[in-house]
Amino acid sequence: MPSSIRTLRLLAATASVLALGACATVGPNFKAPEAPQGPAGSSYAMAGDARATSVQLSPDARMAGPWWQAFGSPELDQAMRQALADSPTLAEARATLERVQAQARATRGAQFPQIDANAGAQRERINLAAFGFSGFPGGPTIPNPEINLFSIGGAVSYDLDLFGGQRRATERANAQVEDSAHQADAAYLTLTANVAQQAMHIASLRAQIASVKEIIADDQRVNEMIRNAQAAGGAAHSALSSGIAQLAEDQALLPPLERELDAARHQMALLVGKSPAEWTAPVFDLATLHIPGAVPVSLPSELVRRRPDILAAEADLHATTAAIGVAVAHQYPDIKLSAALTQEAVHPEQLVNSSAAAWNVLAGLTAPIFHGGTLKAERRAAEAEARASAARYRATVLRAFVQVSDALTNLSTDDRAIAALQQASDAAAAAANDAQNALRLGGGPMIDVVTAQRNLSRARRTLVEAEGRRMNDFVELYAATAADWRTAAAGAS
């Protein structure tokens, strides 16, 4: 028994030495794509694009803490942590990553010697006639004996991986793990962006509802003024009819906004992993949400090294490049070593005897000769998939740059639009106030009051919508530039 174990150890050591000598790895080596360089890689703007004054391009644009805290909303932070803790989307991403990691470990395990133990016990009847023994001539027939047979032993096998097929498979599996990890990061970033966007949408809708309610209250005050003027004989009945129509028109604006608000709150519950009956969305107030100051935005050359969907596309390109090596290795010979040691005896106590030992050593060579073009076709398919992956990577980078460019341009137009709308709202409020005072003093017609009130209503609604849109565009910018979410995610877990 000891000598047999030494034999197995010698065989395993021999296989390891041969493995060290088998260093050839066929197929292309992966090289990460180059990051944008020069003037074109230093900006996101197209010629003629408006510049957002609230954005600052920086080589290192990391914020301190999770990005949504820039809005200064405890309610948003509360909802975000709830989503990071309970979102089924993130649970799926984490489980997928664990599966891919386990598959990679299984693939790596194939590179090492495979050792198995075996044991058996059987009852066997020996057919002597099969060996030419049927008894002596003229004598009785020899009965077939029945015996017990016990065995215990082990086997070791090893693929020398002469041309690196297993190593390329491991490289591909590791790249797939990296791909899955970056996709999980992308899921985190997407979720936080969706929660923040939903919060901004809720805040904007609440502000619009508040604005419409103020408008309705103004309508009611105007109608009361008309009634007072009619009682004094200074206003026609048509004026009151016009005022009542305006009130009804403005009241009709509320139900659609309230319905949209309910749907937004329900959607927020879905994002945090709860049913609407289990969880109530916080009260997001547009007036209490802080507008971020100078937002740091990374340069394009840094974005491609930070944004998770770009990193996932790069890892996918790495995996498809390694798959070419796997396909190429299948076209070359392969050598596998194996050895087995078995102790066999008819009585269990005899298994430890050295005379019960049996062993074998095998070196097998497999070389492809003819497979009907399968191996060449698999190689061409792997090469084509690598080219497709490279195209997907480039498309992902371009899409990311366009998203950042859109967010920057939108913020620039938001700033100008809000400034103009604020002036329009102030002017409309002044005009409405002047018209009401003129009517009250008997120096102006009722139609001027109604017209001024309508202009003020439109200005207020438009201004609130623009402010909500600007908040949403800030969220888009943070998400597009892969702002940090990890601190909160670590705390939630």
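Here the structure is a predicted model, which is why all the values come from computation and not from measurement.

### Some points on the packing of aromatic side chains
Right, on to step 1. The full count for this structure, using the stated rule, is four aromatic pairs.
Right, on to step 2. Judged by centre distance (5.7 Å) and plane angle (85°), the rings of Trp67 and Trp68 are edge-to-face.
Right, on to step 3. Residue classification places Trp68 among the buried residues on the basis of a relative accessible area of 0%.
Right, on to step 4. Summarising the aromatic geometry, the rings of Phe71 and Tyr478 are spaced 6.0 Å apart at their centres and angled 75° between planes, so their arrangement reads as edge-to-face. Placement of the pair is Phe71 in the loop between strand 1 (55–58) and helix 2 (74–86) and Tyr478 in helix 10 (residues 446–480), with a sequence separation of 407 residues.
Right, on to step 5. Here Phe71 falls in the buried class, since its relative accessible area comes to 0%.
Right, on to step 6. Cluster of aromatic residues (ring-pair linked, three or more members): Trp67, Trp68, Phe71 and Tyr478.

### Looking at the side chain of Ser180
Right, on to step 1. When you line up the elements, Ser180 lands in helix 4 (residues 165–231).
Right, on to step 2. A relative accessible area of 8% places Ser180 in the buried class.
Right, on to step 3. Sequence-distant contacts of Ser180, that is, excluding residues within four places in its chain, are made with Thr96, Leu97 and Val100.

### Some words on the nonpolar core
Right, on to step 1. Residues Trp67, Phe71, Leu76, Val195, Met268, Phe284 and Leu477 are the most contacted members of the largest nonpolar core, which totals 69 residues.
Right, on to step 2. Counting only elements with at least two residues in this core, the list comes to helix 2, helix 3 (88–109), helix 4, helix 6 (254–271), strand 4 (295–298), helix 8 (308–329), helix 9 (374–440) and helix 10.
Right, on to step 3. If sequence neighbours within four positions are ignored, Phe284 has contacts with Ser73, Glu75, Leu76, Ala79, Ala199, Ile202, Ala203, Arg206 and Met268.
Right, on to step 4. The next biggest cluster of nonpolar side chains, apart from the first, holds twelve residues, and it includes Ile226, Ala452, Leu456 and Ala459.

### A look at empty space enclosed by the protein
Right, on to step 1. Under the counting rule described, the total for this entry stands at four cavities of 30 Å³ or more.
Right, on to step 2. Its volume calculated, the second largest cavity comes out at about 50 Å³.
Right, on to step 3. Considering the residues around the second largest cavity, the lining is formed by Asp219, Val222, Asn223, Gly243, Gln246, Val449, Val450 and Gln453.
Right, on to step 4. Those elements giving two or more residues to the lining of the second largest cavity turn out to be helix 4, helix 5 (237–251) and helix 10.

### Topic: unusual backbone geometry
A negative phi holds for most residues other than glycine; trans holds for most peptide bonds.
Right, on to step 1. Residues other than glycine seldom take positive phi values, yet Asp161 does so here, at roughly 50°.
Right, on to step 2. Along the polypeptide, Asp161 turns up in the loop between strand 3 (146–159) and helix 4.
Right, on to step 3. Judged by relative accessible area, which is 8%, Asp161 ranks as buried.

### Side note on the layout of surface pockets
Right, on to step 1. The computed volume of the largest pocket comes to approximately 380 Å³.
Right, on to step 2. Along its surface, the largest pocket is lined by 23 residues, and Asp159, Ala329, His330, Tyr332 and Asp334 are the ones closest to its centre.
Right, on to step 3. Going through the elements one at a time, helix 4, helix 8, strand 5 (334–345) and strand 6 (357–366) are the ones with two or more residues in the lining of the largest pocket.
Right, on to step 4. Here the lining of the largest pocket is composed, by residue class, of twelve nonpolar, seven polar and four charged.

### A short note on the pattern of salt bridges
Working definition: two side chains of opposite charge can pair if their charged atoms are close together.
Right, on to step 1. According to the stated counting rule, one finds 13 salt bridges in the structure shown.
Right, on to step 2. Arg81 is paired through a salt bridge with Asp77; the nearest N and O atoms lie 3.0 Å apart. Of this pair, Arg81 and Asp77 both sit in helix 2, four residues apart, which is roughly one turn of that helix.
Right, on to step 3. For Asp77, a relative accessible area of 17% translates into the label buried.
Right, on to step 4. For Arg123, the salt bridge is made with Glu146, and the minimal N-O distance between the two is 3.2 Å.

### Focus: helix 3
Right, on to step 1. Over its 22 residues, helix 3 runs 31 Å from end to end, which matches the ideal 32 Å to within 8%, given 1.5 Å per residue.
Right, on to step 2. Each element contacted by the buried residues of helix 3 is listed here: helix 2 and helix 4.
Right, on to step 3. The opening residue of helix 3, the one whose side-chain oxygen lies 3.2 Å from the backbone nitrogen of Thr89, is Ser87.

### A few points about the sheet that holds strand 2 (residues 114–125)
Right, on to step 1. Taken in spatial order, the four strands make up an open sheet running 2-3-5-6, and their pairing is antiparallel. Of all strands in the sheet, those with a lone pairing partner are strand 2 and strand 6, marking the two edges. Mean inter-strand twist for the sheet, computed between neighbouring axes without regard to direction, equals 20°.

### Some points on the environment of Gly109
Right, on to step 1. With respect to the secondary-structure elements, Gly109 resides in helix 3.
Right, on to step 2. The spacing of Gly109 and Thr170 is 61 residues in sequence and 9.0 Å in space, taken between C-alpha atoms.

### Considerations on the confidence of the model for the chain
Right, on to step 1. Looking at the chain, the pLDDT average stands at 85 and 87% of residues meet or exceed 70.
Right, on to step 2. Taken together, the stretch residues 17–21 has pLDDT below 50 and engages in four contacts with residues farther than four places along the chain or on a different chain.

### Focus: the environment of Val450
Right, on to step 1. Topologically, Val450 is positioned in helix 10.
Right, on to step 2. Under the relative-accessibility criterion, Val450 is labelled buried at 4%.
Right, on to step 3. Separated by 18 residues in sequence, Val450 and Ala432 place their C-alpha atoms 8.4 Å apart.

### Section: the pairing of strand 5
Right, on to step 1. Sheet topology note: the strand 3/strand 5 ladder contains ten bridges and is antiparallel. Residue Ser151 lies in a different strand from strand 5, and its bridge partner there is Glu344.
Right, on to step 2. Strand direction decides the pairing type here: strand 5 and strand 6, joined by ten bridges, are antiparallel. Bridged to Thr342 within strand 6 is Ala358.

### Quick word on the packing of helix 2 against helix 3
Right, on to step 1. The interhelical angle for the contact between helix 2 and helix 3, taken along N-to-C directions, is 40°, at an axis separation of 6 Å. As judged from the angle between their axes, helix 2 and helix 3 are oblique. The residues of helix 3 that touch helix 2, namely those facing Ala83, Leu84, Ala85 and Asp86, are Pro88, Leu90 and Arg94.
Right, on to step 2. For the contact of helix 2 with helix 3, the per-class residue count stands at five nonpolar, no polar and two charged.

Thresholds, definitions, all that
Residues numbered from 1 in each chain as written. Predicted model: local features only at pLDDT ≥ 70, side-chain atom pairs only at ≥ 80, totals over all residues. Heavy atoms only, no water. Phe/Tyr/Trp six-rings, centres within 6.5 Å; stacked < 30°, edge-to-face > 60°. Buried < 20%, exposed > 50% of the residue type's maximum accessible area, 1.4 Å probe, protein only. Helix = DSSP H or I, 4+ residues; strand = E, 2+ residues; numbered from the N terminus. Contact = heavy atoms within 4.5 Å. Core = buried A, V, L, I, M, F, W, Y, C linked by side-chain atoms within 4.5 Å. 1 Å grid on protein atoms, 1.4 Å probe; cavity = no way out; pocket = protein on both sides within 12 Å on 5 of 7 lines; lining within 4 Å. Points joined across faces, edges and corners; volume = space filled by probe spheres on them. Nonpolar A, V, L, I, M, F, W, Y, C, P; charged D, E, K, R; others polar. Salt bridge = Lys/Arg side-chain N within 4 Å of Asp/Glu carboxyl O. Expected span 1.5 Å × (residues − 1). Polar contact = N/O pair within 3.5 Å; in protein donor to acceptor, adjacent residues only side chain to side chain. Pairing = 2+ DSSP bridges. Axes fitted to C-alpha atoms, helices over the stretch in contact; angles between N-to-C directions. pLDDT = per-residue confidence, 0-100. Parallel < 35°, antiparallel > 145°, perpendicular 65-115°, else oblique.

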